[in-house]
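A closer look at the structure
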Amino acid sequence: MPLAGICEKFRLFPFRSRMGTIARGYPAKILPHLFVRWFSCPFELIEPHVPRQGVICDLGCGHGLMLHRLASLLPPEATLLGFDIDKEKIGFARAFDHDHRIWFEARDILAALDLRDVTCLILNDVLHMLSYSHQELLLQRCFDCLAKEGVLILKEINAQASWKYWWAGIQAYFVKDVFRLTRGEGFHPRSVGCLTGLLEKIGFKVDVLPAHQGYPYPHMIFLCHKG
Ligand SMILES: C[S@@+](CC[C@H](N)C(=O)[O-])C[C@H]1O[C@@H](n2cnc3c(N)ncnc32)[C@H](O)[C@@H]1O
C-alpha cells in the first residue's frame, strides 16, 4: 500500500481521536490489535456498498470497527446493530459509542438470529472461522432474515492457492491459537466458485468483487442480493 494510502487509512481509523484513552485504559494488546485489523482489512471497500438507511447488522462485529465508521457516515435514520460472541469486544465497542448510536450485544450468531426484514447484514472475516456446516446454516439464516431487497455483504478470504492465501492461514493461526485474539472454529475458507455456488443455491444473486490489491491477503467481497 503506498504511503498516501496508509495516511488515508489512518485518517479513517474510527478510534483515531481516542487512541490515548485506549492506550491508558485498556490492555496493551488492544491498540496494536485494532491497528493490524484496520490496516489489513479493506473496510473502505465494504463501506460504499452499505445502504444509507434501514437496519444494518454486523454479525461478528468484533470491536465494532466497521459500525463505528458507519456511525460517523450514515444518517440517524439508519439503525446500526452489532453482535459478537466475545463479551470483552462488545464491552469495548459499547464503551466508545458515546452517543448510543449503535446497539451492541454479546450473542452467538449461530443461535437463532431473531431478526426480520433487515436491510443489510455484514459478515466480515467471520464465515471462514466457522465449520463448513455452520457456514451453511448461518448463510441460510441470513437469507431468511433479510428484507426482500436486502443485501448480505460478505468479506471473505479466497481459498485459491497463492502466497496471500498461505499468509492468511498463518496469520489466522497466530491470531486465534497463539495470541488468542479471536474466537472461532478454525480456518475454513472456500474458493470463490464454491462460495458463490453455495450462495446461489440458497437463493442469493451474487456479485463478486476482488479486494486484495495493496493487501497481503486474498480479500474478496461478495454482494449477495436477496431480491
Ligand atoms: C476476524 S474477527 C472479525 C471481527 C469484525 N468483523 C471485524 O471486521 O473487525 C471474527 C469475529 O467473529 C466473532 N465470532 C466468531 N464466532 C462467532 C459466533 N458464533 N457468534 C458471534 N461472533 C462470533 C469473533 O469473536 C470475532 O470477533
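Since the structure is predicted, the reported quantities are computational estimates derived from the model, not experimental observations. (Residues numbered from 1 in each chain as written. Predicted model: local features only at pLDDT ≥ 70, side-chain atom pairs only at ≥ 80, totals over all residues.)

**Things to note about the overall build of the chain**
Under the convention used in this document: Strands here are runs of E lasting at least two residues and helices are runs of H or I lasting at least four, both read from the DSSP assignment and numbered beginning at the N terminus. The globule rule is 2.2 Å times the number of residues to the power 0.38, and the radius of gyration it is compared with is taken over C-alpha atoms. Whether a residue is buried, exposed or partly exposed follows from its count of other C-beta atoms within 10 Å of its own C-beta, namely 20 or more, 12 or fewer, or something in between, respectively; the C-beta atoms are built from the backbone. Contact criterion: two residues are in contact if their C-beta atoms, reconstructed from the backbone, are within 7 Å.
In terms of helices and strands, the chain carries 9 helices and 7 strands. Here the C-alpha atoms of the chain give a radius of gyration of 17 Å, agreeing with the 17 Å that 2.2 N^0.38 yields for 227 residues. Along the longest, intermediate and shortest principal axes, the C-alpha atoms of the chain span 50 × 40 × 35 Å. A buried classification covers 35% of the 227 residues belonging to the chain. When contacts within the chain are restricted to residue pairs at least 6 apart in sequence, long-range pairs at least 24 apart make up 67% of them.

**Topic: helix α8 (residues 163-178)**
Rules: Helix span, expected: 1.5 Å multiplied by one less than the number of residues in the helix.
Between its first and last C-alpha, α8 extends 21 Å over 16 residues, near the 22 Å set by a 1.5 Å rise per residue. Directly beyond the C-terminal end of α8, a positive phi value near 50° is found at R180.

**Considering the sheet that holds strand β4 (residues 118-124)**
Basically, it comes down to this: Being paired, for any two strands, means DSSP has found at least two bridges between them. Axis angles are defined between N-to-C directions and span 0 to 180 degrees, where every axis is a line fitted to C-alpha atoms and, for a helix, only to the segment in contact.
Strand order in this open sheet of 7 strands is β3-β2-β1-β4-β5-β7-β6, and the pairing throughout is mixed. Every other strand in the sheet has two partners, leaving β3 (102-106) and β6 (205-210) as the edge strands with one partner each. Averaged over all pairs of adjacent strands, the angle between strand axes in this sheet comes to 15°, irrespective of strand direction. Where β6 and strand β7 (residues 219-225) come together, 6 bridges link them in antiparallel fashion. Bridging across to β7, L209 finds its partner in I221.

**Regarding the nonpolar core**
To keep things clear, this is the line we draw: Among buried residues, those of type Ala, Val, Leu, Ile, Met, Phe, Trp, Tyr and Cys that are joined through C-beta atoms within 7 Å form a set called a nonpolar core.
L59, M66, C120, L121, L123, L152 and I153 are the most contacted members of the largest nonpolar core, which has 48 residues in total. Aside from chain neighbours lying at most four places away, what touches C120 is V50, P51, G54, I56, G150, V151 and I153.

**Some thoughts on the site of the ligand**
Applied cut-off: Defining nearness, a residue is near a molecule or strand when the C-beta atom obtained from its backbone falls within 6 Å of it. Following the grouping adopted for this structure description, the nonpolar residues are Ala, Val, Leu, Ile, Met, Phe, Trp, Tyr, Cys and Pro, the charged ones are Asp, Glu, Lys and Arg, and the polar ones are all others, Gly among them.
Of all residues adjacent to the ligand, which total 22 residues, the nearest are G60, G62, I85, I109 and N124. Elements represented by at least two residues in the shell around the ligand include exactly α5 (65-71) and β2 (79-84). Considering only residue class, the shell around the ligand consists of 10 nonpolar, 5 polar and 7 charged.

**Brief notes about the pairing of strand β5 (residues 146-157)**
What counts, and what does not: Every crossover in which the path from the first strand over the helix to the second runs clockwise, viewed with the strands pointing away from the viewer, is termed right-handed.
Summarising burial for β5: 9 of the 12 residues are buried, a large majority. One ladder, built from 6 bridges, connects β4 with β5; its direction is parallel. Looking at the pairing, C120 lines up with V151 of β5. Of the crossover connections in this fold, the one passing from β4 over helix α7 (residues 132-145) to the parallel β5 is right-handed. Two elements, β5 and β7, share 7 bridges in a ladder whose sense is antiparallel.

**A word on the packing of α7 against helix α9 (residues 192-202)**
Note the cut-off: We call two directions roughly parallel when the angle between them is under 35 degrees, roughly antiparallel when it is over 145, roughly perpendicular when it lies between 65 and 115, and oblique otherwise. For a crossing to be left-handed, the near helix must be turned anticlockwise from the far one by less than a right angle; the clockwise case is right-handed.
One can describe the packing of α7 onto α9 by two numbers: an axis separation of 10 Å at closest approach and a directional angle of 45°. Our classification of the angle between α7 and α9 gives oblique. In this structure, the crossing between α7 and α9 has a hand that is right-handed. Taken together, the residues of α9 that come into contact with α7 (itself represented by E136, L139, Q140 and F143) are L198, L199 and I202. Split by residue class, the contact of α7 with α9 holds 5 nonpolar, 1 polar and 1 charged.

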